[in-house]
Amino acid sequence: MNGSIDWHQVHSEFAHLAQAQGFSAQPMLSDPMLQTTAWIRRADGPRIYLSSGIHGDEPAGPLALLELMRNGFFQTNIDWRICPLLNPSGLASNTRENADGMDLNRDYLIHRSKETQAHVAWLAQQPVPDLFISLHEDWEGHGFYFYEINQGEDRPQLAHTLLAAVAPWFEPEPGPEIDGHNVREPGWIYHPAEPDVPEGWPEAIYLAKMGCPRSFTLESPSRGLLDDRSAALQAAVRCIIAGI
Ligand SMILES: [Zn+2]
């Protein structure tokens, strides 16, 4: 579905807009085929880190971050760190994995891939974020759902407002179990700060182990229209930031 998206163009537009809005680029990997860039704009406010594009067949996340950047969403009182395109070879080929067949989002303990090695090296130089949001999609899902890892105060109201914010596009994923996890409420997986598979750490577990107290992994359903999936992810990000 995303085979027609020109990811170099997406990167170029994101870079142009980010620089115009005062973000600075930090290249993580400079291999011409595996170029990844982190975008930083420091401030005294909450430290928020966002990532997307780690699964190359999930285009709505990077497109949602681009649209938020186009709309000037990234307010100046927040300390932002953004990695919008974490799996360039997977995005180019519309595959979940990278060109070597590796699921980068299961590589945050062992760091077998060049992409994850570079990303972890970058993360290790950053202050621990107060909040991490990662934008994903699920080809199996019919509705929207999200994972929350919360090592601080339990604030269930934010989960309710988040699901209400995406409801114009998607209902919460139905059922008592999603992706092998029992839900806390429909659409809401309240996940411990431990991996499902001991050696298969996703990025969110790495952040939790860094000490990041709270994260949201957002999952829009791949079967929806791309514009709707992007809009739902944007709404979810806006809601979370408004609620912190
Ligand atoms: Zn994903």
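Caption draft 1: Structural detail: helix α1 (residues 7-20). When the terminal C-alpha atoms of α1 are compared, their 20 Å separation across 14 residues agrees well with the 20 Å that a helix rising 1.5 Å per residue should span. Residues of α1 that are buried: Trp-7, Val-10, Phe-14, Ala-15, Leu-17 and Ala-18. Taken together, the buried residues of α1 touch β2 (36-41), α2 (60-70), β4 (79-83) and α3 (88-93). Measuring from the side-chain oxygen of the N-cap residue of α1 to the backbone nitrogen of His-8 gives 3.0 Å; that N-cap residue is Asp-6. At the exit of α1 stands Gly-22, carrying a positive phi of roughly 90°.

Caption draft 2: Geometry of the sheet that holds strand β3 (residues 47-52). One open sheet holds the eight strands; their spatial order is β1-β2-β4-β3-β5-β10-β6-β9, and the pairing between them is mixed. Two strands close off the open sheet at either side, each with one partner strand: β1 (24-29) and β9 (188-190). Adjacent strand axes in the sheet meet at a mean angle of 20° when their direction is disregarded. Where β1 meets β2, five bridges bridge the pair, whose relative direction is antiparallel. Counted as the bridge partner of Gln-26 is Ala-38 from β2. Where helix α7 (residues 226-243) meets the sheet, it contacts β3, β4, β5 (131-138) and β10 (214-221), and its direction lies at approximately 160° from that of β5.

Caption draft 3: Region of interest: the coordination of the zinc ion. Looking at the metal site, the zinc ion is ligated by His-55 (ND1), Glu-58 (OE), Glu-58 (OE) and His-136 (ND1), spaced 2.1 to 2.4 Å from it. Around the zinc ion, the four donor atoms are arranged such that angles at the metal cover 57 to 152°; this shape is classified as irregular.

Caption draft 4: Fine view of the environment of Pro-195. Structurally, the position occupied by Pro-195 is in the loop between β9 and α6 (203-210). For the pair Pro-195 and Leu-109, spaced 86 residues apart in sequence, the C-alpha to C-alpha distance is 9.9 Å.

Caption draft 5: Just the pairing of strand β6 (residues 145-150), in detail. Within β6, six of the six residues are buried, which leaves the element mostly enclosed by the surrounding structure. Of the two faces of β6, the one lined by Tyr-145, Tyr-147 and Ile-149 and the one lined by Phe-146, Glu-148 and Asn-150 are each fully buried. Of the pairings in the sheet, the one linking β6 to β10 comprises six bridges and is antiparallel in character. When the bridges of β10 are listed, Phe-146 appears paired with Leu-218. Both β6 and β9 contribute to a ladder of three bridges, which runs parallel. The residue bridging Phe-146 from the neighbouring strand is Trp-188, located in β9.

The rules behind the values
- Residues numbered from 1 in each chain as written.
- Predicted model: local features only at pLDDT ≥ 70, side-chain atom pairs only at ≥ 80, totals over all residues.
- Heavy atoms only, no water.
- Helix = DSSP H or I, 4+ residues; strand = E, 2+ residues; numbered from the N terminus.
- Expected span 1.5 Å × (residues − 1).
- Buried < 20%, exposed > 50% of the residue type's maximum accessible area, 1.4 Å probe, protein only.
- Contact = heavy atoms within 4.5 Å.
- Polar contact = N/O pair within 3.5 Å; in protein donor to acceptor, adjacent residues only side chain to side chain.
- Pairing = 2+ DSSP bridges.
- Axes fitted to C-alpha atoms, helices over the stretch in contact; angles between N-to-C directions.
- Donors = N, O, S within 2.8 Å, 3.2 Å for Na, K, Ca; no water.
- Tetrahedral: all angles 85-135°; square planar, octahedral: opposite > 155°, others 65-115°.

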